[in-house]
Amino acid sequence: MNRSRRIKLQVFRITVFVVLGAFFLVPVGAMFEFSTRGNSINAPRTLEAWTQIATTPGLGDAIVASLELAAITSILMLVLVLPTMVWVRLRLPRISRIVEFICLMPLTVPAIALVVGVKPIFIWISNFTDSILVLSLGYVILVLPYSYRALDAGLSAIDLKTLSEAARSLGAGWGTVMWRVVVPNMPSAILNACLLSVALVLGEYTFANLMNYENLQVAIAYVGLTSAGTSIAVAVASLIFAFALLLILSFVRRPRTGVAAADPVELDLSKPLALSGAVYGRVGNR
Amino acid sequence: MTTDGRATPRAGVEVRLENLTRKYATTTALDRLTLTLAPGELVALLGPSGCGKTTALRLLAGLEQADSGHVVIAGKDVTNVPANRRNIGMVFQAYSLFPHMSARQNVEFGMQLQHVGAAERRERAREVLDLVGLGPHMDKFAHQLSGGQQQRVALARALAIKPKVLLLDEPLSALDAKVRARLRDEIRRVQLEVGITTLFVTHDQEEALAIADRVGVMQSGHLEQLGPPTEIYSRPATPFVAEFVGLTNRIKGDVRGGAVTVRGTRIPLVDPDVTDGPATALVRPEAVSLASNGEMEDGPLVGTVIAVAFLGAMSRVTVDLGDTIVLAQMATSAASDTPAGTKVRLALRPDPVLIQREEPAATAP
């Protein structure tokens, strides 16, 4: 590649980076600017709207509820999806396309249609509890497409069949296979799936609002009716939190792959083995 | 313990596969396979892809369920016992080390599940890794080990749980030739040292013949022949075994009185109780010798060398007899006297041969 072409490519990259960066940061910057305005045009900059986040009634509870929902949804998603995907890959590969279709289907269903569909179930559940945390049951459906893709990529990166059979032959039950073999070998995929779930749950509004629960986004909307500055401050904070999560996602550790060349181990088969007998005095001697 | 400090080899357990059948949709992978492994014996199952050898091994391991038949280990029927409760060590074709664990942690994995104490675990892991020559590498992860080293760790891991039976599912097929040969010898050495009953599955006849006490040649879910390597090679029971194990010349002949006459040479038959008539004799290349000196008048065994393949100490000479091509295998020093283009006379050693009644194909493989 000649020098002028390299420079052009570099300029193109920087331009794309700047434009996309501006696309994300200008609105956030504008929101931050708005949230620090005083009460009049000539009033000095103030962080009053930000300090009110902690004192606005209901906002703190909504933030805590959303964080709890994000955590519960991530755990439910993992417990439901990961074993299912492992089982399908190992035992029922012929239905993998059906499972994929089911997992991706929420992408095509509008949240409002989903709410109409699951509302009767939530009404029945409300007989037992009125906790906002039941929303996680619906959020698991919403995060399915994203978590499925992330976990699918992770499972494809390991030789699941061989590893699980090796573990089984060593005496591991299915629970041990999942917990000690599958999960430790796909940390990036699991983290990706969780972060995507968290980001989605923290930004979710429609489902909670239509179900008459007050999560972070619903609370922001309510606060916005009385204090636009505080509402925008919370929105900026949640956006920065979500961006930070996605940034972490980009830098998570990738799994180790490939086989490195190692020093050859030369064996002198003519020498008797100096063994104490602790091993082969027992091996196979049952 | 013996006086030289080596543990006394002990007998393993008897393993019996009884009338095992496994079908996949319309395909019968295994058809009433019956096989008994004597205690401490290493049996190699040899055959082409799809012959059912891996299926047999997986049924023994409990990784698949048989449609019918029984698996008996040490006198106990384990047909319906899940894989994780059979106490069978297994080395896989693919690299199967847990990537997130070091070699030592891999070896300790099975022992942890058996609730072996930490101190004993560490000691036993060190010993089995020493056994396979990887003691100095015990803290390395899979990605820091070569393919051969990974398979050694897998072997150590399988042995560390004190299994009743050791299963080897083409453990050498992913390795290069030199490492394969070395590890093959090492597996045999370890197996003899430990004295464990072992089933070794491979499609590589050299591997099977080199290390097994007995070799079972399989085809289409059946066991064609089971016997010591020398018997499999020199007295194949069926034409399939003769052609699958080693190279075989197919030369037209005429059966009369329990022997076959091939181009004027009378050769005894492995099975003399056959009807007279035309047949194809299956003759090993090493049973064919060449002479290139003296007058070469035309005759049924006079031909021209068309190629000489150097195999190291041995060479394989391809001779065109006009209507058929014959392979001869001999010492390289002898083959050097007969370069391509030389007119030679063949001689067939009267070792017992098999015959095939089907219309023969071209001739040499």
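Residues numbered from 1 in each chain as written. Chains lettered and ligands numbered in written order. Predicted model: local features only at pLDDT ≥ 70, side-chain atom pairs only at ≥ 80, totals over all residues.

Digging into the overall build of chain B
Phase 1 of the analysis: When you go through chain B residue by residue, the secondary structure sums to nine helices and 20 strands.
Phase 2 of the analysis: Taken along its principal axes, the extent of the C-alpha atoms in chain B is 80 × 45 × 45 Å.
Phase 3 of the analysis: Buried positions account for 45% of the 365 residues belonging to chain B.
Phase 4 of the analysis: For chain B, restricting intrachain contacts to residue pairs at least 6 apart in sequence, the fraction spanning at least 24 positions comes to 67%. (Helix = DSSP H or I, 4+ residues; strand = E, 2+ residues; numbered from the N terminus. Buried ≥ 20, exposed ≤ 12 C-beta atoms within 10 Å, placed from the backbone. Contact = placed C-beta atoms within 7 Å.)

Digging into the nonpolar core
Phase 1 of the analysis: Of all hydrophobic cores here, the largest spans 160 residues; its most connected members are Leu60(B), Ala156(B), Leu167(B), Leu199(B) and Ala281(B).
Phase 2 of the analysis: Tallying contributions element by element places helix α3 (residues 59-91) of chain A first for this core, with eleven residues.
Phase 3 of the analysis: A domain-level breakdown of this core finds at least three residues from each of domain 1 (15-239) and domain 2 (247-356) of chain B.
Phase 4 of the analysis: For Ala281(B), the contacting residues outside a window of four places in its chain are Ile251(B), Gly253(B), Val260(B), Val262(B), Ile267(B), Val353(B) and Ile355(B). (Core = buried A, V, L, I, M, F, W, Y, C linked by C-beta atoms within 7 Å. Domains from an automatic or database assignment.)

A look at the domain arrangement of chain B
Phase 1 of the analysis: Per the domain assignment, the segments making up chain B are domain 1 (15-239) and domain 2 (247-356).
Phase 2 of the analysis: Distance from the C-alpha centre of domain 1 of chain B to the C-alpha centre of domain 2 of chain B: 39 Å.

Section: the pairing of strand β4 (residues 68-73) of chain B
Residue and element names in this part refer to chain B.
Phase 1 of the analysis: Inspection of the sheet shows strand β1 (residues 15-24) paired to β4 by five bridges, in the antiparallel sense. The partner of Leu17 across the bridge, within β4, is Val71.
Phase 2 of the analysis: Here β4 runs beside strand β5 (residues 76-77); their pairing, made up of two bridges, is antiparallel. Among the inter-strand pairings, Val72 is bridged to a residue of β5, identified as Asp77.
Phase 3 of the analysis: Here β4 folds back onto β5, and the loop between the two strands holds two residues, one of which, Ala74, carries a positive phi near 55°. (Pairing = 2+ DSSP bridges.)

Considerations on the sheet that holds strand β2 (residues 27-37) of chain B
Two strands in a sheet stick together by hydrogen bonds in their backbones, pointing the same way (parallel) or opposite ways (antiparallel).
Residues and elements named next belong to chain B.
Phase 1 of the analysis: Read from one edge of the open sheet, four strands run β2-β1-β4-β5, paired in antiparallel fashion. Unpaired on one side and paired on the other, β2 and β5 mark the two borders of the sheet.
Phase 2 of the analysis: The strands touched by helix α1 (residues 53-61) within the sheet are β1, β2 and β4, with β1 carrying the most contacts at an inclination of about 115°. (Axes fitted to C-alpha atoms, helices over the stretch in contact; angles between N-to-C directions.)

Here we look at the confidence of the model for chain B
Residue and element names in this part refer to chain B.
Phase 1 of the analysis: Considering every residue of chain B, the mean pLDDT works out to 88; 93% of them sit at 70 or more.
Phase 2 of the analysis: Considering only residues more than four positions removed or in separate chains, one finds that residues 1-10, a stretch of pLDDT under 50, has 18 contacts.
Phase 3 of the analysis: Here residues 360-365 is a poorly scored stretch, pLDDT under 50, and it has 16 contacts once near neighbours within four places are set aside; other chains count.
Phase 4 of the analysis: Interface confidence in the predicted complex, given as ipTM, is 0.81; pTM for the same model is 0.78. (pLDDT = per-residue confidence, 0-100.)

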